[in-house]
Structures are given as C-alpha cells and as structure tokens.
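What the coordinates show
Read off the chains here:
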Amino acid sequence: MSNEENSISRKDSQPQSDVGDDIFRVICSSAGTFILLLALGLIVTLIWQSRPIFPHIGSFFTDTKLDINNNKFGALAYIYGTLITSALAMLIAVPLGVGSAAYLAEIASEKIRRTGSFLTELLAAIPSVVYGFWGLFFLCPAVQWIYNQVGGPNTSGAGILSAGLILALMIIPYITAITFDVCRAVPRSQREGALALGATRWQMIRTVVLPYARPGIVAACFLALGRALGETMAVTMIVGNRADLPHSWKDVLAIPFALADSIASVIANRLNEAVDERERAALVALGLILFVVTIIVNGSARLLVRRMGKPRVRTRAFRSNFTHPASENMAVRIQNHRKAERINRIMTVVLGSCLLTTVIPLFLILGYIIYRGAGSLSWSFFTQLPMPPKDPNGGMAHAIGGSFMIVGLATLMAIPLGILAAVYLSEYRSTRWSNFVRFVTELLGGVPSIVIGIFVYVIVVRTTGSFSGWAGAIALAIMMVPIIVRSSEESLRLVPSTLRQASLALGASHRQTVLRISLPAALPAIITGIFLAIGRIAGETAPLLLTAYGSNFWPRTPADRTPFLPKYIYDYSRSGIPEWEAQAWAAALVLVVVVMGLNIGIRVLAGKRVVLASRAE
C-alpha cells in the first residue's frame, strides 16, 4: 500500500474513532449522572412521602412520640434518643480513637503498628447485627451488674449506656484510621524540628503533630458522628425501644440508666408493618430528618478534609515549650527536663492503653461468638429449613442461600454502574460536573442504610405491592456503588500517565486506551474494591427488613420474599427460646466468618497485588 493510500486509510478511520470516543464518553457520563439522579430521587422521595405529616409539622417537633391511636405525631423522643446515644458514643470513642492513632503513628514499632491497625480495622468489619447480639448477651448483663452496684434500675442492662458503649466500639475504627492517616501525613521536618529543640516525644505529638492534623481529626470525628447517628440494628437491639424524655433533674441524672428509642430504631421496627398512611408518612419524615443531619455532618467532614492542605501550627507554643530563656539556671532546666521525661513516660503508657482498650473488645466479641456458636453448628444447620423450637434439626439453609442470592444480584447491578462512573471521574475529571458527581457520590456513601431502605421500600415495594429479593438487591446495590466508584477511581489514577500517552502515540483512541490499557492495568485493585464492597453489605440488615422482609421457605425467584441470615440473628436473639438463640449464635458465627474472611483476604491480596502498571514506571 502506498503512502497516499495509507494517508487516506487513516483519514477514513479517524472519524470512526472519534464517534466511538464520544459514545464511550456519553456512556460513562451517563453512569455518573445516574448517581446524581439516584441521590436526587432519594431526596424527592423522602420529601414527597412525608407530605401527609406537613399539616402536623408543629407538633412533630414538640410532641414526645408517635402514637397514631391518639393522633400524636411527635418525633422529639426519637431525636433525643438518637442524639444522646451518639453523644455518649463520641465522648468514649474520640479520646480512645485519637489516642490509639497517635500511639500507632508516632510511638509504636512497625510490627505493633501493622498489627494494631489490622485489629482496629477488623472491628469495623463486624456486622452491626452481630454487635447488637453480642451486646444483648454479653455487654448488657455486665452493665446491669454495674446498675445493681450503684442502686440503678433493673432494665436487663439495656438502655442509653449500653447503646452508647456499642456505638463507641463501632465508630472507634473510623476515628482511629483517619486520624492515623492524617498524623502520618505530618511532614517529617516538623517532627525533627521539635525533637531537635529538645522536645520529648509526647511534647512533639501534643504541640506539633496533633495541631497540624487537627482538621483531619475533626473530620474523622464528624464522619464517626454521621455513622453513629445512622446506626440501626445494634442500637435497636439494646437501647430498650421506649420513647421517653427526662422530665425532671432526677431523670437527667439518671440518663445513663434510662431506656430510649432512636430514629433509625423506630423506623426499622414499624415502617414495614405500618398500615396507616399518616404513620408511614411520619416514619418517612423521621428518615428525612436523619438524612439531612447525616448529609450536613458528612458534608462538613469532607470540607474539613479538604482543609488538610492548610495546616496551622502553634509556633508560639512550640518555642515557649522547647526553648529556655538564657536567665534560666541549670538546676531549673534539669528539673523541667526530668518533669517532661516523666510526663512523656506516663503519656506513652496512656496512649498505649488507648490502643489496648480499643482492641480488647474485638477478642471479646470474636471469642464469645466462637464459644457460643461453634457448638451450635451442625450439618442440618446448612441443609435444613427452620423448625419449631423443640426440634433440634432446624437449620438456616434457605437464609444462607437467600443472602447469597441478594448479595449476588446487588453485585451484578453495582459493578457496571460503579466502574463506568469511576472511569468518567478518572478520565474526564477536569470538568466541574465530574467534581460535583464525585462529591455527591461521597455523600451518598455516608447515607444511613435505613434511609436507603426507606427509598427502595417506597420506590419498589410500595409500587409492586410486595417485598422481594429484587428490592433487597437494589437497596444493597445503592450502598455498594459509592464504594466501587471511589476504589475504582483511585485504582485508575494509579495507572501511570506514560502508559496512556504511549497508547495514544501508537494511534489508539481514548476509548481503546481506557478499555485495553487502563482498566486491565487497574483490574487487581478494582477487584479488591469490589470485594470490599461485598464485605460491607454482606452483613446488612436494616435495609433488607424494609425490602426483602424475609421468609421461612426457599425463595423460588427474586420476586418472592427472600430470607437472609442477619434477620434470623435479629429475630432469634430476641425470642427468649434457647434453641433459637443457639441457632442465632451459629448464624452469627457463619456471618462473621464470611465477612472477616472477605476482609482478611482483601487485606492479604491488597498487600501483594498493587496496580500492576504502577511497577512499569
């Protein structure tokens, strides 16, 4: 073929390549736009379904509780219960989380740092229904023993204190992980400068590292608060579910002993069985309040994270702490130095104790579940349907199968949408629209699962007139998408630009470069992100209560009510029937093994399988 023919051939092929790129871009941007529409649809649905309660909006925020029989539409007790349990959790979790992170980042050896970080992350992997189950049978009796010692009431240990403790355990990993990252991001020169001026390690942490990392630490606290506000199952199982407010100073002093109810709990307990339209609207309105609060909290956290690029160091305190005036005599200097060293040793022990206090509950939870659950496992558990209480041959085979079916469908729905949106954010990230899509996706990832359950309940269950596996899968897919988008986008960004440039220089189109170079290179990390998302939803309970609902039979199709394992843990744990409680422990053990296996496997793989292409540079 002559040069002229080659030129004509290239000219003929160029327009086809451009059209292919345009179509590819439209497909990817459509995926990003779909996420925006999803978020918009969620907001519109919550507002629209809350309309019947608008004429009662005054009493909604002043009446104590929701009592349809007496025409009461109050939400105050549920808002109070949500805030008081979250506040108590933050009081416990913030010092422990920040202390653990400071110890891991600045004091611990590499081996302890790696082990401590791993154990702390495992706390975040435990499903909330397992936290609630453990809290009901292990924590609540211990709390009741404390009540008895101080003359408190007999509530079986349930109440605000137990709920606050469980919530604290659940949010500590968030505070620790983010604080650890921001502490490690402090420039090495800052640390070396403080130590060169004579600071002890604790003085360096207190006056250099923590002030520098302050915006990130505050952001971590905000994210943890958003998580605590939206938590459903663990709180529902041990908070007592009694909507009440303190009416006197005596009640205020007895708040830790009191029973309460939270927004998420009352929705989970009542929405899927509500028959009165006004009751349903009031519960959706509570979900709207929860959604708005968590969006504000999470949005504030994201903005604070962005401010991490503008650290502020208290230079005056820095100098005054480590430098000594010339007039200070040697004896005073020696005395101050000894005092500083003594405080340094004390604080090292305190920070190490924070880490120890954080990880001990992990062993208590896992040890107790293995102790109670291992003896209840049998072949019939994996092969039989549930039986009456006195029959020892009952099992949960249908629930295990139903969970796999729902999670599998959700994964099939979420993967293409998440990866296409990630390609859009990674490859076309220069536009403001892509930045907006990214911000909304991050916010969607922080929406409480019970709110997503409400959305799918209204859109799918109410529209089709029945609970189904499809509805459950859609709810879980919505939860998976933000995780897949963020992990896939970060993976694609790790692909060296030189690979893209080489592909384009050889005549490949943008579409061909993405499909044949970038995505294959980032595939190991993308798969890791997908498994991370599966591990996140595998133990979900709250949205499935409102969508899949559950069943005692094998699901014939996804259009049927579909059983799922966490529901049996929730139901059987509160049954008071020993045989069913034993099966609930077995189910909790199976669920923990699956979720932990996914998380540990991901961690092992992530440690070995970095983005392959990044090695090329």
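Residues numbered from 1 in each chain as written. Predicted model: local features only at pLDDT ≥ 70, side-chain atom pairs only at ≥ 80, totals over all residues. Heavy atoms only, no water.

1. What to know about the overall build of the chain
The test is simple: Only runs of H or I of at least four residues qualify as helices and only runs of E of at least two qualify as strands under DSSP, and these elements are numbered from the N terminus. Three exposure classes are used, based on accessible area relative to the maximum for each residue type with a 1.4 Å probe and protein chains only: buried under 20%, partly exposed in between, and exposed over 50%. It only takes one pair of heavy atoms within 4.5 Å for two residues to be counted as in contact. Throughout, the Shrake-Rupley method with a 1.4 Å probe supplies accessible areas, and for residues the shown protein chains are the sole cover considered.
Check the secondary structure of the chain and you find 24 helices and 2 strands. Taken along its principal axes, the extent of the C-alpha atoms in the chain is 95 × 85 × 55 Å. By the burial criterion, 52% of the 617 residues in the chain qualify as buried. In the chain, the proportion of contacts linking residues at least 24 apart, taken out of those at least 6 apart, comes to 78%. Surface summary for the chain: the accessible area is close to 27,900 Å², and the carbon and sulfur share equals 63%.

2. Describing the pattern of salt bridges
Pairs may arise between side chains of opposite charge once their charged atoms sit close together. Applied cut-off: One side-chain nitrogen of Lys or Arg within 4 Å of one carboxyl oxygen of Asp or Glu is enough to make a salt bridge.
The full count for this structure, using the stated rule, is 18 salt bridges. Note that R438 and E489 form a salt bridge whose closest N and O atoms lie 2.9 Å from each other. Of the two residues, R438 sits in helix α17 (residues 432-445) while E489 sits in helix α19 (residues 469-493), which places them 51 residues apart along the sequence. On the accessibility criterion, E489 (0% relative accessible area) is buried. With its nearest N and O atoms 3.4 Å apart, the salt bridge here joins E490 to R486. One end of the pair, E490, and the other, R486, are both in helix α19, 4 residues apart, so they sit about a helical turn from each other. For R486, a relative accessible area of 24% translates into the label partly exposed.

3. As for helix α5 (residues 128-149)
Rule in force here: How far a helix is expected to stretch is found by multiplying one less than its residue total by 1.5 Å. The bend reported for a residue corresponds to the angle between axes fitted to the seven residues ending at that residue and the seven starting there.
Across its 22 residues, α5 extends 29 Å between first and last C-alpha, which sits within 8% of the 32 Å expected from 1.5 Å per residue. The sharpest bend along α5 reaches about 45° and sits at G135. Trailing α5 by a residue or two, G151 shows a phi angle of about 75°, which is positive.

4. Here we look at unusual backbone geometry
Phi at N71 takes a positive value of approximately 55°, unusual for a residue other than glycine. Non-glycine residue Y549 carries a positive phi angle of around 70°. Inspection of the secondary structure assignment puts Y549 in the loop between α22 (542-545) and α23 (565-573).

5. Observations regarding the environment of L38
Tracing the backbone through its elements, the reader meets L38 in helix α1 (residues 3-49). In this structure, the C-alpha to C-alpha distance between L38 and I478, residues 440 residues apart in sequence, is 8.5 Å. Setting aside residues no more than four positions away along its own chain, L38 makes contact with L444, F455 and I478.

6. So, the environment of F60
Mapped onto the secondary structure, F60 falls in helix α2 (residues 57-60). Take F60: its relative accessible area is 2%, and that puts it in the buried class. Taking the C-alpha atoms as reference points, F60 and A75, separated by 15 residues in sequence, lie 5.5 Å from one another. Ignoring anything within four residues of it in the chain, the contact list for F60 reads I53, F73, G74, A75, L76, A282, A285, L286 and I289.

7. Description of the UniProt feature "domain: ABC transmembrane type-1" (unreviewed entry) in the chain
Under the convention used in this document: UniProt positions are given in the numbering used here, feature names are shortened, and annotations may be inferred rather than shown by experiment.
Mapped onto this numbering, the UniProt entry gives "domain: ABC transmembrane type-1" (unreviewed entry) at residues 79-301 and 400-602. End C-alpha atoms of residues 79-301 are separated by 21 Å, and the span's content is 78% helix alongside 0% strand. Taken end to end, residues 400-602 is 78% helix and 0% strand, and its two terminal C-alpha atoms sit 22 Å from one another.

8. Regarding the packing of aromatic side chains
Both the distance between ring centres and the angle between the ring planes are used here to describe each pair of aromatic rings. To keep things clear, this is the line we draw: We call Phe, Tyr and Trp rings a pair once their centres come within 6.5 Å, taking the six-membered ring for Trp, and we label the pair stacked below 30 degrees between planes, edge-to-face above 60, and tilted otherwise. Criterion for a charge above a ring: Arg CZ or Lys NZ at most 6 Å from the ring centre, at most 35 degrees from the ring normal.
Following the criterion strictly, the structure yields 16 aromatic pairs and no others. Centre to centre, the rings of F138 and Y368 are 5.1 Å apart; their planes meet at 65°, and the pair counts as edge-to-face. With F138 in helix α5 and Y368 in helix α14 (residues 330-373), the pair connects residues that are 230 residues apart, well separated along the chain. With a relative accessible area of 30%, F138 lands in the partly exposed category. Between Y457 and F467, the ring centres sit 6.4 Å apart and the planes meet at 35°, which makes this aromatic pair tilted. Taken together, the residues span a long stretch of sequence, with Y457 in helix α18 (residues 449-464) and F467 in the loop between α18 and α19 at a distance of 10 residues. In this structure Y457 comes out as buried when scored by relative accessible area, which is 4%. These aromatic residues form a ring-pair network of at least three members: F133, W134, F137, F138, Y368, Y371 and W585. Sitting over the ring of W48, R51 keeps its end group 3.8 Å from the ring centre. Sitting above the plane of the Y549 ring, K567 keeps its charged end 5.5 Å from the centroid.

9. Points about the packing of helix α3 (residues 76-107) against α14
The test is simple: A fitted line through C-alpha atoms serves as each axis, taken over the contacting stretch for helices, and the angle formed by two N-to-C directions is quoted from 0 to 180°. If an angle is under 35 degrees, it is roughly parallel; if it is over 145, roughly antiparallel; if it lies from 65 to 115, roughly perpendicular; otherwise it is oblique. Here is the rule for handedness: rotate from the far helix to the near one, and if that takes an anticlockwise turn smaller than a right angle the crossing is left-handed, while a clockwise turn gives right-handed. Three categories are distinguished: nonpolar for Ala, Val, Leu, Ile, Met, Phe, Trp, Tyr, Cys and Pro, charged for Asp, Glu, Lys and Arg, and polar for the others, with Gly belonging to the last.
Viewed as axis vectors pointing N to C, α3 and α14 meet at an angle of 115°, and their least axial separation amounts to 8 Å. Relative to α14, α3 is oriented roughly perpendicular. Regarding α3 and α14, the two cross each other, and that crossing is left-handed. Contacts between α3 and α14 involve P95, L96, G99, S100, A102, Y103, L104 and I107 from the first element and T348, L351, G352, C354, L355, T357 and T358 from the second. Grouping the amino acids of the contact of α3 with α14 by side-chain chemistry returns 9 nonpolar, 6 polar and no charged.

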